[in-house]
Amino acid sequence: MSIFRRTLIAATAAAAFTAPFASFAQDIKPRLIRFGYGLNEQSNQGRAVKLFAEEVEKASGGKMKVRAIGAAALGSDVQMQQALIGGAQEMMVGSTATLVGITKEMAIWDTPFLFNNAKEADVVLDGPVGQKVMDKLQEKGLVGLVYWENGFRNLTNNKQPVAKLEDLNGIKLRVMQNDVFLNSFKTLGANAIPLPFSELFTALETKTVDGQENPYNTILSSKFYEVQKYLTVTNHVYSPWIVTVSKKWWDGLSKDEQKVLADAAKKSRDFERQDTRAEAAKALGDLKAKGMQVNELSAAEANRMREKLGAVNASIAANVGEALWKETQEAVAAARK
Ligand code: TK8
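Residues numbered from 1 in each chain as written. Predicted model: local features only at pLDDT ≥ 70, side-chain atom pairs only at ≥ 80, totals over all residues. Heavy atoms only, no water.

- Under an unreviewed UniProt entry, the name given to the chain is TRAP transporter substrate-binding protein, and the source organism is Hydrogenophaga luteola.

### A word on unusual backbone geometry
And then number 1: Even without a glycine there, the phi angle at Ala 71 is positive, about 55 degrees.
And then number 2: Position of Ala 71 relative to the elements: it lies in the loop between strand S2 (64–69) and helix H3 (77–86).
And then number 3: Under the relative-accessibility criterion, Ala 71 is labelled partly exposed at 47%.
And then number 4: Even without being glycine, Ala 72 reaches a positive phi, approximately 55 degrees.
And then number 5: Secondary-structure assignment places Ala 72 in the loop between S2 and H3. (Helix = DSSP H or I, 4+ residues; strand = E, 2+ residues; numbered from the N terminus. Buried < 20%, exposed > 50% of the residue type's maximum accessible area, 1.4 Å probe, protein only.)

### Things to note about the sheet that holds strand S3 (residues 91–95)
And then number 1: Ordered in space as S2-S1-S3-S10-S4, the five strands form an open sheet in which the pairing is mixed. This sheet does not close on itself; its edge strands, each paired only once, are S2 and strand S4 (142–152). Ignoring which end each strand starts from, the neighbouring axes of this sheet average 20 degrees apart.
And then number 2: Bridging between S3 and strand S10 (residues 238–246) involves five bridges; their strand directions are antiparallel. Across the sheet, Ser 95 pairs through a bridge with Trp 241, a residue of S10.
And then number 3: The strands that helix H2 (residues 44–59) touches are strand S1 (31–36), S2, S3, S4 and S10; relative to S2, the one it contacts most, it runs at about 170 degrees. (Pairing = 2+ DSSP bridges. Axes fitted to C-alpha atoms, helices over the stretch in contact; angles between N-to-C directions. Contact = heavy atoms within 4.5 Å.)

### With respect to the site of the ligand
And then number 1: Taken together, Gly 38, Leu 39, Asp 77, Ser 95, Asn 150, Arg 153, Arg 174, Met 176, Phe 197, Asn 214 and Trp 241 make up the full set of residues near the ligand.
And then number 2: In the model, an oxygen atom of the ligand is placed 2.9 Å from a nitrogen or oxygen of the Asn 150 side chain.
And then number 3: Contact distances for the ligand include 2.7 Å between an oxygen atom and a side-chain N or O atom of Arg 174.
And then number 4: Considered on its own, the ligand offers 310 Å² of accessible surface; in the complex 98% of this is hidden by protein.
And then number 5: Because more than half of its atoms lie within 2 Å of the grid, the ligand is assigned to the largest cavity. (Near = heavy atom within 4 Å. Polar contact = N/O pair within 3.5 Å; in protein donor to acceptor, adjacent residues only side chain to side chain. Areas by Shrake-Rupley, 256 points an atom, 1.4 Å probe, with all protein chains shown as cover. 1 Å grid on protein atoms, 1.4 Å probe; cavity = no way out; pocket = protein on both sides within 12 Å on 5 of 7 lines; lining within 4 Å. Sits in = over half its atoms within 2 Å of the grid points.)

### Remarks on the domain arrangement of the chain
Interfaces are often described in size by the accessible area the parts lose on coming together.
And then number 1: Each assigned domain of the chain is listed with its residue range as follows: domain 1 (29–99 + 118–149 + 240–280) and domain 2 (154–238 + 282–336).
And then number 2: For domain 1 and domain 2, the distance between their C-alpha centres works out to 25 Å.
And then number 3: Listed as interface residues are 28 residues of domain 1 and, on the opposing side, 23 residues of domain 2.
And then number 4: Summed over both sides, the interface between domain 1 and domain 2 buries roughly 2000 Å², with carbon and sulfur atoms accounting for 59% of that surface.
And then number 5: The largest contributions to the domain 1 side of the interface with domain 2 come from Glu 120, Val 129 and Glu 279, which together make up 24% of the buried area. (Domains from an automatic or database assignment. Buried area = accessible area lost by both parts, 1.4 Å probe.)

### Looking at the environment of Phe 224
And then number 1: For Phe 224, the position within the fold is in the loop between helix H8 (216–221) and strand S9 (230–233).
And then number 2: Classification of Phe 224 as buried rests on a relative accessible area of 1%.
And then number 3: In the structure, Phe 224 is positioned 13 residues away from Gly 211 in sequence and 9.7 Å away in space, judged by C-alpha atoms.

### Examining empty space enclosed by the protein
And then number 1: Summed over the entire model, instances satisfying the criterion amount to two cavities of 30 Å³ or more.
And then number 2: Roughly 210 Å³ of internal volume is contained in the largest cavity.
And then number 3: For the largest cavity, the lining is made up of 22 residues, of which Leu 39, Asp 77, Ser 95, Phe 197 and Trp 241 are closest to its centre.
And then number 4: Counting residues per element, the ones that place at least two in the lining of the largest cavity are H3 and S3.
And then number 5: The greatest single-element share of the lining of the largest cavity, amounting to three residues, is contributed by S3. (Points joined across faces, edges and corners; volume = space filled by probe spheres on them.)

### A word on the pattern of salt bridges
Any two side chains of opposite charge can pair if their charged atoms end up close together.
And then number 1: Under the counting rule described, the total for this entry stands at 24 salt bridges.
And then number 2: In this structure, Asp 126 and Arg 269 form a salt bridge, with 3.7 Å as the shortest nitrogen-oxygen distance. With Asp 126 in the loop between helix H4 (118–125) and helix H5 (128–135) and Arg 269 in helix H10 (residues 255–289), this pair connects stretches of sequence that are 143 residues apart.
And then number 3: The exposure class assigned to Asp 126 is partly exposed, which follows from its relative accessible area of 36%.
And then number 4: Between Lys 247 and Asp 251 there is a salt bridge; the shortest N-O distance is 2.8 Å.
And then number 5: Each of Asp 122, Asp 126, Glu 149, Arg 269, Asp 270, Arg 273 and Arg 277 takes part in one network of salt bridges that share partners. (Salt bridge = Lys/Arg side-chain N within 4 Å of Asp/Glu carboxyl O.)

### What to know about the confidence of the model for the chain
And then number 1: Of the residues in the chain, 93% have a pLDDT of 70 or more, and the chain-wide mean is 94.
And then number 2: A low-confidence stretch, residues 10–22 (pLDDT under 50), is modelled with one contact involving residues beyond four sequence positions or located in other chains. (pLDDT = per-residue confidence, 0-100.)

### Let's talk about the packing of aromatic side chains
And then number 1: For the structure shown, the criterion picks out seven aromatic pairs.
And then number 2: Relative to Phe 52, the ring of Phe 35 has its centre 5.3 Å away and its plane inclined at 55 degrees; by these criteria the two rings are tilted. A residue pair is termed long-range when its members are at least 10 positions apart, and Phe 35 in strand S1 and Phe 52 in helix H2 qualify at 17 residues. In this structure, Phe 35 and Phe 52 share a single accessibility class: buried.
And then number 3: Seen from their ring centres, Phe 197 and Phe 224 are 5.9 Å apart, and the 55 degrees between their planes marks the pair as tilted. Separated by 27 residues along the polypeptide, Phe 197 in the loop between strand S7 (191–194) and helix H7 (200–205) and Phe 224 in the loop between H8 and S9 bring together distant segments of the chain.
And then number 4: Its relative accessible area of 21% is what places Phe 197 among the partly exposed residues.
And then number 5: The rings of Trp 109, Phe 115, Tyr 147, Phe 152 and Tyr 238 are connected pair by pair, giving a single aromatic cluster.
And then number 6: One Lys or Arg, Arg 306, reaches over the ring of Phe 113 and ends 4.3 Å from the middle of that ring. (Phe/Tyr/Trp six-rings, centres within 6.5 Å; stacked < 30°, edge-to-face > 60°. Lys NZ or Arg CZ within 6 Å of the ring centre and 35° of its normal.)

See the structure below:
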């Protein structure tokens with residue numbers, strides 16, 4: 001064996017031995033990550049982005065820096081998605097519902113009453129079906145890392161308490177920019193108006209719209225209680241958020257750098273879900289204390305709403321494909337056992 005070969009083997013062995021222990025041996029370059037999100041810094045979304053940023057800095061020995069930019073200062077969900085695809089922004093978190101225009105399979109998560117509780121959502125989103133839908137983003141220039149919890153959505157408005165379906169008639173209701181939400185609320189009789197979340201508070205304040213629907217956490221952190229009187233507990237759909245990366249940028253990262261982001265994303269997910277659930281558990285009380293008038297639907301009215309909304313299922317199945325629809329139903333059924 002030549003001196004050269006012997007030296008090479010020794011060097012390789014030494015590197016293999018020290019690599020796991022020395023972060024300087026990792027292939028990590030200085031990186032700046034612009035991470036945009038729509039809610040305020042003081043929200044479940046803001047808190048989890050902050051934790052993600054801290055984890056990335058720690059795991060990269062301070063080389064990878066996350067600049068967290070909230071309150072839609074980098075644009076609405078839809079605008080940020082385009083910036084990621086084009087490579088002008090590195091990361092974001094936003095609603096899966098606003099991705100439906102890019103990846104139609106995302107509409108599966110907009111199915112009304114798909115999940116009965118958060119545990120079912122976790123099992124399905126973190127399982128093979130969730131992964132499959134997430135992977136679909138890649139062909140469109142996005143890499144999905146994890147799903148976070150936005151939460152079960154509830155209805156607020158400024159006109160009247162909604163105790164029965166007919167109370168929705170003519171209410172100008174802001175919905176997310178996607179056909180499932182548009183059709184769902186049209187079906188229920190509301191005058192559904194798609195708007196980006198970043199324009200929602202002003203639209204409510206100026207009475208361009210009468211109402212909106214979002215989880216308790218968001219109604220609280222976005223101060224919708226200042227411009228909305230009535231809250232109806234509907235839990236009509238579970239909304240996931242999804243953490244995405246620009247594929248253009250991701251493909252230029254080393255394996256070590258990608259791992260730093262993927263690991264931090266998982267930590268942020270676990271933290272975010274816990275934090276969101278703890279906040280949601282007390283948010284309704286907080287909203288009442290802020291003066292919101294809260295009502296629950298009677299069982300009969302909740303059923304009428306559920307039945308009406310069932311009408312959109314066929315179009316969701318047609319859009320996402322019957323195979324994915326069926327697979328999702330089976331995954332939910334398995335999670336329910
Ligand atoms: C925040 C949105 C928000 C969503 C909405 O950017 O648009 O109503 O629930 O969380 O993604």
